[in-house]
Amino acid sequence: AETVRNTGAPGKLKRKTGCKKKGRMKMDMTRIEKVIEDMRKMNLEQFLVTDPMAVYYLTGQYYACGERMMVLRLDVEKEPVLVIGKLFPQDEEKLGIKVVYFDDTDDCVEVLASHMRKGGTIGIDKTWPARFLLRLMELQVGDAYSNASTIIDHIRQIKTEEEQQKMRVASRCNDTSIEELIPLVSKGMTEAELGEELLKIYLKNGAQGHSFEPIIAYGAHAADPHHETDDSKGSYGDAVVLDVGCLVNGYCADMTRTVFIGKASEEAKKIYAIVKEANRRGIEAAKPGARFCDVDRAARDYIEEQGYGQYFTHRTGHNIGLEVHEFGDVSFTNEEVLKPGMCFSVEPGIYVPGGIGVRIEDLVLITEDGCEVLNHFTKDLIEVEA
């Protein structure tokens, strides 16, 4: 699987899910129709969709073509066309759209260009490698080129009823699994071994696996929001950050709980209480008509009031769905208005370098009159018997 570093809330070493065998969804032409409608609003005549997850969202089929080109060409006047290498044969009838193939020895961009109209502004996906875009420009296919990814990003932000239910199921699995994981933090396992045990738990509970590489951080590592799980072991009194998520039916869960091995210190208890209240305030601010920045400020302002502002070093959350980090973030610079169907994390934290780190994270789903918290595992302070 392809591993990437995502910036965000907080830094996580993410593993892109379903790289080769992602479950097939039924193709929904209404999604493509929505994209075409927004293309017209942006005066885009054609749009080259190349992000495998965006193509999956539109077609129900996930393509992992490695370095080879794969493009779903959308046109406001023509039917969609999938341009893909012959190495990946398709059942065109089942797929429901036209397929154009190229050989490995072909100029694949030239093949694509032969199925495009000349002129106008062409929408380009933010993930398309420069080597393909530059070749398309050399062929003088379009008069101008524009990043059109936000079209699909905004559509994906609003989860359908079916997607919302899948998010609930994934979070229930995460709740059940972390409850089974927490007693193991005092059993002398390394961080990495604990992650391996978590995978076994997920598979037993019906998940397809991790939705991202878990962050499991003992002691001083808990004070590093970018910590990468290693072979360290915990000690009595350590805070243990458990930032974990599972993949269920193609949709991602994500949550964080911080527990303690043995007794937590008085300072640790104080910090924990502050983070817990910041999490509560952030969730309380999550409602239709509010903005992402309002949620961030609700959590951040409280931490700052308590004197720990300098130790809250990341945004408050990120959108989630088919991918664990989707378009949209919960930061004080994001003034986008919250709408029913949006799903994102609320995960404030305090990280005192070399000392104590605490993060508490829940997923929330915006409803018509507020929000639904998808995680139900307790946020009371847990001290695991050593």
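An account of the accompanying structure is given in this report.

Cut-offs used in this document
Residues numbered from 1 in each chain as written. Predicted model: local features only at pLDDT ≥ 70, side-chain atom pairs only at ≥ 80, totals over all residues. Heavy atoms only, no water. Pairing = 2+ DSSP bridges. Helix = DSSP H or I, 4+ residues; strand = E, 2+ residues; numbered from the N terminus. Contact = heavy atoms within 4.5 Å. Axes fitted to C-alpha atoms, helices over the stretch in contact; angles between N-to-C directions. 1 Å grid on protein atoms, 1.4 Å probe; cavity = no way out; pocket = protein on both sides within 12 Å on 5 of 7 lines; lining within 4 Å. Points joined across faces, edges and corners; volume = space filled by probe spheres on them. Buried < 20%, exposed > 50% of the residue type's maximum accessible area, 1.4 Å probe, protein only. Nonpolar A, V, L, I, M, F, W, Y, C, P; charged D, E, K, R; others polar. Salt bridge = Lys/Arg side-chain N within 4 Å of Asp/Glu carboxyl O. Parallel < 35°, antiparallel > 145°, perpendicular 65-115°, else oblique. Left-handed = near helix turned anticlockwise from the far one by under 90°. Phe/Tyr/Trp six-rings, centres within 6.5 Å; stacked < 30°, edge-to-face > 60°. Core = buried A, V, L, I, M, F, W, Y, C linked by side-chain atoms within 4.5 Å.

### Remarks on the sheet that holds strand S22 (residues 383-384)
Read from one edge to the other, the open sheet built from four strands follows the order S10-S11-S14-S22, with strand pairing classed as mixed. Each edge of the open sheet is held by one strand with a lone partner, namely strand S10 (215-218) and S22. Judged from the six bridges that link them, strand S11 (residues 239-244) and strand S14 (residues 255-261) form a sheet pairing that is antiparallel. Paired with Asp243 across the bridge in S14 is Thr256. Against the sheet, helix H8 (residues 191-204) contacts S10 and S11, and its axis sits at roughly 140° relative to S10.

### Notes on empty space enclosed by the protein
If you walk through the whole model with that rule in mind, you get one cavity of 30 Å³ or more. In this structure, the largest cavity spans a volume of roughly 60 Å³. At four residues, helix H6 (residues 149-157) tops the list of elements feeding residues into the lining of the largest cavity.

### Considerations on the environment of Arg281
You can see Arg281 is positioned in helix H9 (residues 266-285). On the accessibility criterion, Arg281 (30% relative accessible area) is partly exposed. Remark: the alpha-carbon pair of Arg281 and Arg300, spanning 19 residues in sequence, is separated by 9.3 Å. What Arg281 contacts, discounting residues up to four positions off in sequence, is Ala298, Tyr302 and Glu305.

### Overview of the layout of surface pockets
One water molecule sets the probe size; rolling that probe over the atoms shows where empty space is left. Of the volumes computed, that of the second largest pocket is approximately 230 Å³. When residues of the lining of the second largest pocket are assigned to their parent elements, the largest contribution, four residues, is made by H8. In terms of residue class, the lining of the second largest pocket is made up of five nonpolar, four polar and three charged.

### Describing the pattern of salt bridges
Taken as a whole and assessed by the stated rule, the structure comprises 34 salt bridges. The closest approach of N and O atoms between Glu383 and Lys263, which form a salt bridge, is 3.7 Å. Of the two residues, Glu383 is situated in strand S22 and Lys263 in the loop between S14 and H9; the sequence distance between them amounts to 120 residues. Residue Glu383 is classed as partly exposed on the basis of its relative accessible area of 30%. Under the relative-accessibility criterion, Lys263 is labelled exposed at 53%. Asp329 is the salt-bridge partner of Arg315, the closest N and O atoms lying 3.2 Å from each other. One end of the pair, Arg315, is in the loop between helix H10 (292-305) and strand S15 (317-319); the other, Asp329, is in strand S16 (residues 326-330), and 14 residues separate them in sequence. Three or more residues are tied together by salt bridges with common partners; here these are Glu45, Asp75, Glu77 and Arg117.

### Structural notes on the environment of Ile215
Here Ile215 is to be found in strand S10. The sequence separation of Ile215 and Val244 amounts to 29 residues, and the corresponding C-alpha distance is 6.6 Å.

### A look at the packing of H9 against H10
H10 packs onto H9 with a crossing angle of 155° between their chain directions and a minimal axis gap of 7 Å. Accordingly, the angle class assigned to the pair H9 and H10 is roughly antiparallel. Crossing of H9 over H10 shows right-handed handedness. Touching Ile274, Glu277, Ala278, Arg281, Gly282 and Ala285 of H9 are Asp294, Val295, Ala298, Ala299, Tyr302, Ile303 and Glu305, all from H10. Counted by class, the contact of H9 with H10 contains eight nonpolar, one polar and four charged residues.

### Quick word on the packing of aromatic side chains
Using the criterion set out here, one finds five aromatic pairs in the structure. Taking 6.2 Å as the distance between ring centres and 75° as the angle between the ring planes, the aromatic pair formed by Tyr56 and Tyr62 counts as edge-to-face. Neither Tyr56 nor Tyr62 differs from the other in exposure class; each is buried. Note on Phe260 and Tyr272: the rings are 6.2 Å apart at their centroids and 65° apart in plane angle, and the pair reads as edge-to-face.

### Side note on the nonpolar core
Val35, Met39, Phe47, Val49, Leu58 and Leu74 are the most contacted members of the largest nonpolar core, which totals 42 residues. Looking at this core, the element that brings in the most residues is helix H2 (residues 52-59), giving six residues.

### Notes on the sheet that holds strand S6 (residues 98-102)
Across the sheet, six strands lie side by side as S6-S5-S4-S3-S7-S8; this open sheet has mixed pairing. Looking along the sheet, the strands with just one partner apiece sit at the ends: S6 and strand S8 (144-147). Mean inter-strand twist for the sheet, computed between neighbouring axes without regard to direction, equals 25°. Contacting strand S3 (46-49) and strand S4 (70-75), H2 crosses the sheet at an angle of about 55° to S4.

### Quick word on the packing of helix H7 (residues 161-181) against H8
Remark: H7 packs on H8, axes separated minimally by 10 Å, with the N-to-C direction vectors making an angle of 135°. Viewed along their axes, H7 and H8 adopt a mutual orientation that is oblique. For H7 against H8, the interelement crossing comes out right-handed. Of H8, the residues touching H7 (which contributes Asn174, Ser177, Glu180 and Leu181) are Leu194, Leu198, Ile201, Tyr202 and Lys204.

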